[in-house]
Amino acid sequence: FGAAGKGSVLSKIIKNMDPRFFHVETMDQPEPTELRKPFLYRYFKRIPENGQFTFMDGGWMEEIVRDRVHEQLDEEAFGKKICSIKRFERTLSDNGYTILKFFFYIDENEQKKRMEELLADENTAWRVSEEDLWQNKKHKKCSEVYQTYMEQTNQSYAPWYAIDAKSKKWAELQILERINQNIETALANSGRAVPILPNLFPLSPIPKLADVDLNKELTEEEYQEKLEKLQKRLSELHNVLYREKIPVIIAYEGWDAAGKGGAIKRLTSHLDPRGYKVCPTASPNDVEKSHHYLWRFYQTFPTPGHLTIYDRSWYGRVMVERIEGFASTQRWQDAYDEINEMEATLIEDGYILLKFLLIIDKEEQLKRFKDRENTPEKHYKITDEDWRNHDKFDDYVEAMNDMIVRTSTSVAPWVVMPSMDKRYARVHVLEHFIDAARKAFEKRGIDIDVPRAIEEIEKKDLKAEDKSEKPKADKIKAKDNKPKEEQKG
């Protein structure tokens, strides 16, 4: 509760800690830029590096309880936010974070008394907000929503501790005891395996890679005809996506030399460059390694109406990190469900999410590698790491099969795209994107006939071309027909 003494108790707790190893974050109302990101973005970006503390004055509980008591969230939306929070806390816990949640309780009369004391001094009056005053008037209502929230989010890996905050000294002692106990427990359990949770999401049936028909292709004539038409449609859709503030994430995975770069180029060539961003995912740097593995991707998720396209993505956790031994078996197996949870949360937040897996066979990959090696302007595309990965082709097949089976959910299915013929893959990526956008518009009740809109644009283009030549001739003719005095004038 407001005026319960969170700030003063926190200042005493951190007094004996090395200031180089903790951060205090005051979580006020979300900034406009934060409101344009996924709900948990502003919290995820503030999680600490390994070995450090983050103390949050306020947090995800305060944000959604405030929206609930002000009736900005109905019961269904409130329940969805709680599910997202439970997933978030569990994935942090599974990746080694210790989470402690303290609720400072004071009754209605105590809160009123403290706020009056603060308001009486001009040096402390600023600490009492309009929200605090409103909360005191609605103390009972707020208490009920807080209680509901804590009951639904009190988990063994992220427990709630209700603190009697009437006495600040007693509150400080309670919190110090809990922090010390939990740190000792975390150190004792460090390195121990935790149970791998069963997949909680309905899976979408998907064939194994060996059962995918790779012999799909298009003639050059078919390709050019389809490509031009689809890219025009995509350009129009991009404007609608921006107007309706619908964010899009597209993740490309697949074999080296499978044509991801070419597919991305054909996708973006007709988009407004101000409305999209392409993120090639390389090995994590030292800062990224010291955080949760999803942390770096949260930094680049798009705002409403924009696209982010990933050339490789968070699935590196269950492929390269698995195969190269950068993640333990426990960690990469946990990641399947963690990824499913993150993707489900994005979709609940209104994102369109597309996942393309471009595949070729081992012989085709070798052929393309040799072509790159023998073509000077393509040398930069081939590295020693590519050759090492080619030697582990069968290991990647196994990892990819596990990945698509475990993470092709009903809300975020995989699209496995044969790419022996790059033209076929490029065209079908565009078709899937357009279809996903259409479905998103239908779901939101947005009435747009894209093909008709495209025809109208083409007609306008043709009229513009005609006018671009005719006006000049007409003007010359008109000029010739005027009296000499008017021409001179």
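Because the structure is a prediction, the values reported are computed rather than measured. (Residues numbered from 1 in each chain as written. Predicted model: local features only at pLDDT ≥ 70, side-chain atom pairs only at ≥ 80, totals over all residues. Heavy atoms only, no water.)

Asker: An account of the pairing of strand β5 (residues 248-254) is needed here, citing residue identities and associated values.
Answerer: Buried residues dominate β5, accounting for 7 of its 7 residues. The pairing of β5 with strand β7 (residues 307-311) spans 5 bridges and is classified as parallel. Note that in β7 the partner of tyrosine 252 across the bridge is aspartate 311. (Buried < 20%, exposed > 50% of the residue type's maximum accessible area, 1.4 Å probe, protein only. Helix = DSSP H or I, 4+ residues; strand = E, 2+ residues; numbered from the N terminus. Pairing = 2+ DSSP bridges.)

Asker: Hey, could you go over the packing of aromatic side chains for me, with residue numbers and the actual values?
Answerer: For the structure on display, the rule yields 26 aromatic pairs. Measuring from ring centre to ring centre gives 5.3 Å for tyrosine 43 and tryptophan 60, while their planes differ by 85°; the resulting arrangement is edge-to-face. Separated by 17 residues along the polypeptide, tyrosine 43 in helix α3 (residues 41-44) and tryptophan 60 in helix α4 (residues 60-69) bring together distant segments of the chain. Tyrosine 43 gets classed as buried once you look at its relative accessible area, which sits at 0%. (Phe/Tyr/Trp six-rings, centres within 6.5 Å; stacked < 30°, edge-to-face > 60°.)

Asker: Now, about the nonpolar core: what can you tell me, with residues and values included?
Answerer: Counting 124 residues, the largest nonpolar core has Tyr149, Ile250, Tyr252, Phe301 and Trp314 as its most contacted members. The biggest single contributor to this core is helix α19 (residues 422-443), with 11 residues. When neighbours within four sequence positions are excluded, tryptophan 314 is seen to be in contact with Ile249, Ala251, Tyr293, Leu294, Phe297, Phe301, Ile339, Met342, Glu343 and Leu353. (Core = buried A, V, L, I, M, F, W, Y, C linked by side-chain atoms within 4.5 Å. Contact = heavy atoms within 4.5 Å.)

Asker: I'd like a rundown of helix α5 (residues 75-94), residues and numbers included.
Answerer: For α5, built from 20 residues, the straight-helix expectation of 28 Å at 1.5 Å per residue is met to within 8% by its first-to-last C-alpha distance of 29 Å. What α5 keeps buried is the set Phe78, Ile82, Ser84, Ile85, Arg87, Phe88, Glu89, Arg90, Thr91, Leu92 and Asp94. The inward-facing, buried residues of α5 abut α3, α4, β3 (101-105), α8 (139-153) and α15 (329-348). Put simply, aspartate 74 is the residue that caps the front of α5, since its side-chain oxygen is 3.2 Å from the backbone nitrogen of glutamate 76. Positioned one or two residues after α5, glycine 96 has a phi angle of 100°, which is positive. (Expected span 1.5 Å × (residues − 1). Polar contact = N/O pair within 3.5 Å; in protein donor to acceptor, adjacent residues only side chain to side chain.)

Asker: Outline the sheet that holds β5, listing residues and values.
Answerer: Spatially, the 5 strands line up as an open sheet ordered β6-β7-β5-β8-β9, and their pairing is parallel. Only two strands of the sheet have a single neighbouring strand rather than two, namely β6 (276-280) and β9 (414-418). Between one strand axis and the next, the sheet turns by 20° as a mean value, whatever way the strands run. Relative to β7, β6 runs parallel, the two being bridged by 5 bridges. The residue of β7 that forms the bridge with proline 280 is aspartate 311. (Axes fitted to C-alpha atoms, helices over the stretch in contact; angles between N-to-C directions.)

Asker: Now, about the pattern of salt bridges: what can you tell me, with residues and values included?
Answerer: Throughout the structure, instances matching the rule amount to 31 salt bridges. Residue glutamate 89 pairs with lysine 101 through a salt bridge whose shortest N-O separation is 3.0 Å. Remark: lysine 101 occurs in strand β3 and glutamate 89 occurs in helix α5; sequence separation between them is 12 residues. Using a relative accessible area of 6% as the deciding quantity, one classes lysine 101 as buried. For glutamate 244, the salt bridge identified is with arginine 243, shortest N-O distance 3.3 Å. On the accessibility criterion, glutamate 244 (31% relative accessible area) is partly exposed. (Salt bridge = Lys/Arg side-chain N within 4 Å of Asp/Glu carboxyl O.)

Asker: Could you give an account of the packing of helix α6 (residues 108-119) against helix α7 (residues 130-137), with specific residues and numbers?
Answerer: Between α6 and α7, whose axes approach to 10 Å, the crossing angle comes to 150°. With respect to α7, the axis of α6 lies roughly antiparallel. Helix-helix and strand crossings are classified by hand; for α6 and α7 the assignment is left-handed. Each of Glu108, Gln111, Lys112, Met115 and Leu119 in α6 lies in contact with α7, whose residues at this interface are Asp132, Leu133, Gln135 and Asn136. Looking at the contact of α6 with α7, its residues break down into 3 nonpolar, 3 polar and 3 charged. (Parallel < 35°, antiparallel > 145°, perpendicular 65-115°, else oblique. Left-handed = near helix turned anticlockwise from the far one by under 90°. Nonpolar A, V, L, I, M, F, W, Y, C, P; charged D, E, K, R; others polar.)

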